[in-house]
Amino acid sequence: MTSSVARVSADGIARVGEDLPHPERRETEPPMPKTSARQRMISIQGLKKSFGDTVIYDNFDIELPQEELISIFGPNGCGKSTLINMISGLMPMDAGEVLYDGQTIKETKISYVFQNYREALFPWLRAIDNIHYPLKVMGLPRRTREERVEQLLADFEIKIDLNAYPYTLSGGQQQTVSILRALVTEPEVLFLDEPFSALDYEMTLFMREQIQKIYLKTGTTTLLVSHDLEEAVQLADKVLLLTRRPTRVAEIVDVGLPWPRTTQVTTDSRFVDIKRHCLEVFWREVKAS
Amino acid sequence: MHAGTVDAGPGRKNQGSSMSARILKALKKPKARRCAELTLGPVFLVAVWWIAFAGELVNKDLLPSPFATIADTAVAIAAGDMIHDFLQTLIRVAYSIAIATVLGVPIGIALGAKDSVYRSLEFVIDFFRSTPATAMFPLFLLLFGLGDIAKIAVAAFAAWLVIVFNVAYGVMNARQTRILAARSMGASSLRIFKDVIFFETLPQTFVGLRTAVSIALVVIIVAEMFIGAVDGMGHRIIDAQISYQLTDMYGSILAAGAMGYGLNLGLLIVEKTIVHWSGR
Ligand SMILES: Nc1ncnc2c1ncn2[C@@H]1O[C@H](COP(=O)(O)OP(=O)(O)OP(=O)(O)O)[C@@H](O)[C@H]1O
Ligand SMILES: [Mg+2]
């Protein structure tokens, strides 16, 4: 396999929307301004992973900008989960190096939100104690923990009874608790693996708004795996399109639509164009085998 | 297949005490209904018993009247001698379960933590788990003599095997996602054991505990019958049989049954309180 290299610098990306009438990059900039002249990068070099005889990644290289919301979309079983599991340190890689602005995975504060919130939250702890837990692991004293959690809850105007046990909450509420648990440590990078796929449609729409709110407020580097192209485009500065196994980068599509992205955005002609382009790339990659 | 969500394989075992489970469920129904449902079975049993007795369907020398049995049992309880036997058996069972739990849970966790260790010991554990505990009486008599210690030791040994097996099984089948979640937060292995795996294992631990209590009760009763006991329900039953006190024998059998049932129900209630998330 030849290695696939896709470099994304602040300007050097093939933009899909280029032929469109100059879209404003953002109406609302995230509050954390990119003060450094240099764009901070996630760099993945020479990544290899196989399960038995199945090669998932073979010399996979990519650079992705930090402080952006990046969605990952690709065919079923192409290795989206495997990719974020490896670069978040949950799963060992066979070979390769992952650096977050020069820092290793271990040196980077990472949080992970699982698809299956039922199996990711601790049902023996109340919702509030679930949120406290990562801070406890960090060894913070009770006072500090309480302050942090309170601040977090105030920031996002959470209206959930957090003294309840997780299993008594609705799916959306449980996933919200999981996301709060991930955010409370103030991570530098947030990973979400199909976080809404177990929720009903109404809840999914609501959660997409929540994710935007979080991203716009914190500006945290966020990698979101989605199996829904509309979601992948709506919730991203860049869409990372992957090929079938052995997996390469098909394209990194710059979305460049203004934030926040309401549901109305999804009917905007620019949005539709980007989505169509992604779909074309996707089909081309699925058919080429 | 998702890398992060490995399923726990076969459903958790839930043998035994289906009756007490149903009673527990019945407790949540409207009062009148549940009283009727709860009393129906025992009333039916007494009715059948009485018909068999009054209609002389069974030899009168083998089956006393149910009412005479209940009356004599009430007298024996009031006099205190049945209570003494009952408590002696209960204490022996409690000792063996306490020993089995204290030694079984940590060992089960340790064995389950290392798949390879458990696999290499699996045969031995399975072998002794399948060996009738009563077959080991002579060995334990040699080791511990005729007294209480031998009885408790055999029961504890049998109960211990069940607990070790169930706890190890529970650890090996703990949901990977929660362990991964804790690890992604930077939790140490020890912390993951204490905060995650221990709780993940609790439902299976209780399955083991309930089975262990049933086994320990059987072993203790049999031991009391045949191994130089001076008290206990087993001793009382065999004594009544030898001295041909039919009502006492039947009453003692019922009392022993009540003990087993009560222990099971009690454990189930404790389990529902502690493992409140189970099956949710
Ligand atoms: N632990 C594992 N052991 C063996 N094979 C695995 C393991 N995890 C994943 N795979 C295989 O690797 C491939 C990629 O899996 P992965 O879960 O990363 O795909 P995905 O893109 O997230 O798929 P999906 O769209 O289903 O979420 C799949 O073919 C899967 O069967
Ligand atoms: Mg996946």
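Residues numbered from 1 in each chain as written. Chains lettered and ligands numbered in written order. Predicted model: local features only at pLDDT ≥ 70, side-chain atom pairs only at ≥ 80, totals over all residues. Heavy atoms only, no water.

Asker: An account of the packing of aromatic side chains is needed here, citing residue identities and associated values.
Answerer: Under the definition given, this model contains 21 aromatic pairs over all chains. Each ring, one from Tyr112(A) and one from Phe191(A), has its centre 6.4 Å from the other, and the planes form 25 degrees; the classification is stacked. Of this pair, Tyr112(A) sits in strand β6 (residues 110–113) while Phe191(A) sits in strand β7 (residues 189–193), and the two are 79 residues apart along the sequence. What makes Tyr112(A) buried here is its relative accessible area of 7%. Since its relative accessible area comes to 0%, Phe191(A) is described here as buried. Relative to Phe127(B), the ring of Phe123(B) has its centre 6.0 Å away and its plane inclined at 35 degrees; by these criteria the two rings are tilted. Here the residue Phe123(B) and the residue Phe127(B) both occupy positions in helix α5 (residues 115–130), the gap between them amounting to four residues, near one helical turn. Residue classification places Phe127(B) among the partly exposed positions, given a relative accessible area of 48%. An aromatic cluster is built from Phe123(B), Phe127(B), Phe128(B), Phe140(B), Phe144(B), Phe157(B) and Trp160(B), whose rings are joined through pairwise contacts. One Lys or Arg, Arg181(A), reaches over the ring of Phe122(A) and ends 5.1 Å from the middle of that ring. In this structure, Arg261(A) packs its charged tip against the face of Trp259(A), placed 3.9 Å from the ring centre. (Phe/Tyr/Trp six-rings, centres within 6.5 Å; stacked < 30°, edge-to-face > 60°. Helix = DSSP H or I, 4+ residues; strand = E, 2+ residues; numbered from the N terminus. Buried < 20%, exposed > 50% of the residue type's maximum accessible area, 1.4 Å probe, protein only. Lys NZ or Arg CZ within 6 Å of the ring centre and 35° of its normal.)

Asker: Got a sec to walk through unusual backbone geometry? Specific residues and values, please.
Answerer: Of note, the bond from Arg245(A) into Pro246(A) is cis; its omega dihedral lies within 30 degrees of zero at -15 degrees. Positive phi, normally seen in glycine, also occurs at Glu186(A), with a value near 50 degrees.

Asker: Explain the sheet that holds β6(A) residue by residue, including any values.
Answerer: Residue and element names in this part refer to chain A. In spatial order, the strands read β6-β7-β8-β4-β9-β10; together these six strands make up an open sheet with mixed pairing. At either margin of the open sheet sits one strand with a lone partner, and together these are β6 and β10 (249–254). Adjacent strand axes in the sheet meet at a mean angle of 15 degrees, parallel and antiparallel pairs treated alike. Both β6 and β7 contribute to a ladder of four bridges, which runs parallel. Among the inter-strand pairings, valine 113 is bridged to a residue of β7, identified as leucine 192. Set on the sheet, helix α8 (residues 269–287) makes contact with β4 (69–73), β9 (238–242) and β10; between it and β10 the angle comes to about 180 degrees. (Pairing = 2+ DSSP bridges. Axes fitted to C-alpha atoms, helices over the stretch in contact; angles between N-to-C directions. Contact = heavy atoms within 4.5 Å.)

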